[in-house]
Amino acid sequence: MSGKGTPATVAAGRAKIGFTLHPYEASGDGGASYGEEAADALGVERGRVFKTLVAEVDGALTVGVVPVSASLDLKALAAAAGGKKATMADPKAAERTTGYVRGGISPLGQRKRLPTVIDASATTHATVYVSAGRRGLQMELSPADLIHLTGATTGPIAAG
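Residues numbered from 1 in each chain as written. Predicted model: local features only at pLDDT ≥ 70, side-chain atom pairs only at ≥ 80, totals over all residues. Heavy atoms only, no water.

1. Examining the sheet that holds strand S5 (residues 86–88)
Within the open sheet, the 5 strands sit side by side as S5-S2-S3-S6-S9. Their pairing is mixed. Across the chains shown, the open sheet's two edge strands, defined by having one partner strand only, are S5 and strand S9 (153–155). With direction set aside, neighbouring strand axes in the sheet form an average angle of 35°. As paired elements, strand S2 (residues 50–57) and S5 share 3 bridges and run antiparallel to each other. Note on S5: the bridge partner recorded for Ala55 is Met88. (Pairing = 2+ DSSP bridges. Helix = DSSP H or I, 4+ residues; strand = E, 2+ residues; numbered from the N terminus. Axes fitted to C-alpha atoms, helices over the stretch in contact; angles between N-to-C directions.)

Structure below.
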């Protein structure tokens with residue numbers, strides 16, 4: 001990747017974490033799911049591509065990372081984060097806090113590091129895909145490295 005990369009790739013590079021970038025042609029229309037579009041464009045099983053969602057748990061912004069084939073179970077996220085109630089965050093607040101645009105929010109290299117919970121299913125794969133910090137660019141890395149870089153906990157937070 002030319003230039004300095006995205007904050008996500010810079011964070012992974014600084015930590016000397018091995019990763020592979022996978023660019024694809026993003027439609028940019030904000031269709032049904034940016035993540036499903038990425039999985040389909042890259043020919044990767046949807047259960048290995050993870051989306052980054054920002055929620056509020058007891059009023060504090062918290063990141064949930066779940067497969068694109070599932071939705072975020074807000075009750076499970078609240079429990080995994082040690083809270084009582086979770087709601088989806090305002091998209092503008094999510095963008096402002098993470099420094100990324102919707103559809104390109106990465107769990108890595110966020111402007112403000114937020115508490116993060118990664119769905120436990122990530123640990124069943126040798127590698128997973130997450131946004132590399134912009135639409136049309138996915139990063140493949142080991143679940144252990146993703147957990148380490150984000151300081152995340154894991155739990156069953158995916159629904160459906």
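There's plenty left to go through after this.
2. With respect to unusual backbone geometry
Of note, Lys16 is a non-glycine position whose phi angle comes to about 55°, a positive value. By the element assignment, Lys16 lies in the loop between helix H1 (7–14) and strand S1 (20–23). A relative accessible area of 74% places Lys16 in the exposed class. Positive phi is not limited to glycine here, since Asp58 has a value of about 50°. Relative to the assigned elements, Asp58 resides in the loop between S2 and strand S3 (60–67). (Buried < 20%, exposed > 50% of the residue type's maximum accessible area, 1.4 Å probe, protein only.)

3. Describing the pattern of salt bridges
Tallying each qualifying case throughout the model produces 4 salt bridges. Where Arg46 meets Glu36, a salt bridge forms, and the shortest distance between an N and an O atom there is 3.6 Å. Of this pair, Arg46 sits in the loop between helix H2 (34–42) and S2 while Glu36 sits in helix H2, and the two are 10 residues apart along the sequence. Taking the relative accessible area as the measure of exposure, Arg46 reaches 31% and is therefore partly exposed. Of the charged contacts in the structure, one is a salt bridge between Glu95 and Lys92, with a shortest N-O distance of 4.0 Å. Note that Glu95 and Lys92 are positioned in helix H4 (residues 91–98) at a spacing of 3 residues, about one turn of the helix. Look at Glu95 and you get partly exposed, because its relative accessible area is 21%. Residue class for Lys92 comes out exposed when judged on its relative accessible area of 55%. A single salt-bridge network, built from bridges that share partners, covers Glu36, Asp40 and Arg46. (Salt bridge = Lys/Arg side-chain N within 4 Å of Asp/Glu carboxyl O.)

4. Quick notes on the pairing of strand S8 (residues 137–141)
The buried fraction of S8 amounts to 5 of the 5 residues, a majority that puts the element mostly inside the structure. Neither face of S8 is left uncovered, since the one carrying Leu137, Met139 and Leu141 and the one carrying Gln138 and Glu140 both have all their residues buried. Of the strand pairs in this sheet, S1 and S8 are connected by 4 bridges, and their pairing is antiparallel. By the bridge assignment for S8, Pro23 is matched with Leu137. Relative to S8, strand S7 (residues 128–134) runs antiparallel, the two sharing 5 bridges. Note that in S8 the partner of Ser131 across the bridge is Gln138. The hairpin formed by S7 and S8 contains 2 residues between the paired strands, and Gly136 there has a positive phi angle of roughly 90°.

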